[in-house]
Amino acid sequence: KIDTAVRGWLAERDFLIVDPPGLQRSPGNETHLHAFGTEMIGNDGVGQAMYLHTSPEFTMKKLLAAGEKRIASLQHVWRNRERSALHHPEFTMLEWYRAGAPYESIIADTLEVIRLAAEVTGISQFEFRGRVCDPRSEAERISVAEAFDRFAGIDLLATMDEDGVPDDTALAEQMLKVGMALPEDRHWSYLFTHVLVDRVEPALGNGRVTVLDRYPACEAALARRVPGDRRVSERFEVYAAGVELANGFGELTDAAEQRVRFEAEMAEKQRLYGERYPIDQDFLAALDVMPEASGVALGFDRLVMLATGAQRIEAVLWAPVAE
């Protein structure tokens, strides 16, 4: 019923449902996203490395570049190294884009979809592991920098230069001042994630939905920078009852900058995990003609979990992958 309602919501707003292929030459180029690899063998017996996509994002942006205005996808994606109450190696992603639309419009869309799921099931509040959230209340909105200051006592923007280049030592020193132990990996991104998970995320989505926005530019590989402040980008995440539901962007359309970011992400992936994925050259070429746009990816199974009171993602899957 939630699936049907969401498709109806998209149709009422003139979104075209598209069906991107799951098999890709590049599964995405973010450091901590891990793909399933395979081999495509042609009639000549020659094999080519391929991957199951971690998101339909690259294909959907190619469609925006080809002239589509409002598109959405509700389909399976695959992510390796992920299994928990909130993670499954194969899951359903709801992803949609608005060409020519501002960042704010896609945030409003996301909140509408969350409320819609609650209306379909009639649930009064979302609950997960003892934490509750009223999906009908007005959402809280807070920037990442504000959240770090409020919940961790850390001045995050002071750990970056005016161009957004992070300073590992500056963030480590602030963590020590507020009594946080430093992890073994002292790179800025790892320290950032450590503070986010330990101090910030537990304070989000309690009582009402939280929109955490304006991420540091170095933590938003596919988002454009905020006008007037190159340290932060138009990236947001949505939390409800402690569950991260969605990740959205004001989309980056500068192919040269995107290439630099991808190369940096893959260098970090090589450092941490000993592997890297190819960069989709067709995707970068598409960015040169892609219009300004905003988009979001929402974990559909997680939303269904909250709207039905389930406590594990497997409870809302028809047939979970055997462990």
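Residues numbered from 1 in each chain as written. Predicted model: local features only at pLDDT ≥ 70, side-chain atom pairs only at ≥ 80, totals over all residues. Heavy atoms only, no water.

### Points about the sheet that holds strand E8 (residues 131–134)
Part 1 of the argument: Read from one edge to the other, the open sheet built from three strands follows the order E7-E8-E10, with strand pairing classed as mixed. Strands at the two margins of the open sheet, each flanked by one partner only, are strand E7 (126–128) and strand E10 (207–208).
Part 2 of the argument: Across two bridges, E8 lies against E10 in parallel orientation. Looking at E10, one finds that Cys133 is bridged to Gly207. (Pairing = 2+ DSSP bridges. Helix = DSSP H or I, 4+ residues; strand = E, 2+ residues; numbered from the N terminus.)

### What about the pattern of salt bridges?
Part 1 of the argument: What the rule picks out here adds up to 24 salt bridges.
Part 2 of the argument: Note that Glu104 is salt-bridged to Arg141, the shortest N-O span being 2.5 Å. Linking Glu104 in helix H3 (residues 103–121) with Arg141 in strand E9 (residues 140–143), this pair joins segments that are 37 residues apart in sequence.
Part 3 of the argument: Via salt bridges that share partners, Glu104, Arg141, Asp213 and Arg214 belong to a single interconnected network. (Salt bridge = Lys/Arg side-chain N within 4 Å of Asp/Glu carboxyl O.)

### Focus: helix H1 (residues 2–12)
Part 1 of the argument: Considered for burial, the residues of H1 that qualify are Ile2, Val6, Trp9 and Leu10. Projected down its long axis, H1 carries its buried residues within an arc of 95°, all on one side. Exposed and oriented more than 90 degrees from the buried face of H1 are Thr4 and Glu12.
Part 2 of the argument: Those residues of H1 that are buried are in contact with strand E1 (16–17), strand E5 (70–78), strand E6 (90–99), H3 and helix H9 (300–308).
Part 3 of the argument: Positive phi shows up at Asp14, right after H1, with a value of about 65°. (Buried < 20%, exposed > 50% of the residue type's maximum accessible area, 1.4 Å probe, protein only. Arc of directions from axis to C-beta. Contact = heavy atoms within 4.5 Å.)

### Looking at the environment of Gln258
Part 1 of the argument: Along the chain, Gln258 turns up in helix H7 (residues 255–273).
Part 2 of the argument: Setting aside anything within four residues of it in sequence, one finds Gln258 in contact with Ala221, Leu222, Leu252, Phe283, Leu284 and Leu287.
Part 3 of the argument: Here the side chain of Gln258 touches Ala221 through a polar contact of 2.8 Å, landing on its backbone oxygen. (Polar contact = N/O pair within 3.5 Å; in protein donor to acceptor, adjacent residues only side chain to side chain.)

### Concerning the pairing of E8
Part 1 of the argument: The pairing of E7 with E8 spans three bridges and is classified as antiparallel. Within E8, the position partnered with Phe126 by the bridge is Cys133.
Part 2 of the argument: Here E7 folds back onto E8, and the loop between the two strands holds two residues, one of which, Arg129, carries a positive phi near 50°.

### Regarding the packing of helix H4 (residues 144–152) against helix H6 (residues 188–200)
Part 1 of the argument: Between H4 and H6, the least distance of the axes is 10 Å, while the angle of their chain directions is 60°. In terms of axis orientation, H4 runs oblique to H6. Relative to H6, H4 is oriented so that their crossing is left-handed. Side by side, H4 and H6 meet where Val144, Ala147, Phe148, Phe151 and Ala152 of the first sit next to Phe192, Val195, Leu196, Arg199 and Val200 of the second. (Axes fitted to C-alpha atoms, helices over the stretch in contact; angles between N-to-C directions. Parallel < 35°, antiparallel > 145°, perpendicular 65-115°, else oblique. Left-handed = near helix turned anticlockwise from the far one by under 90°.)

### Quick notes on the environment of Ala66
Part 1 of the argument: Assignment of secondary structure puts Ala66 in the loop between helix H2 (57–65) and E5.
Part 2 of the argument: Residues Ala66 and Pro291 lie 225 residues apart in sequence; the distance between their C-alpha atoms is 9.6 Å.

In short, shape yes, function no, at least from these values alone.
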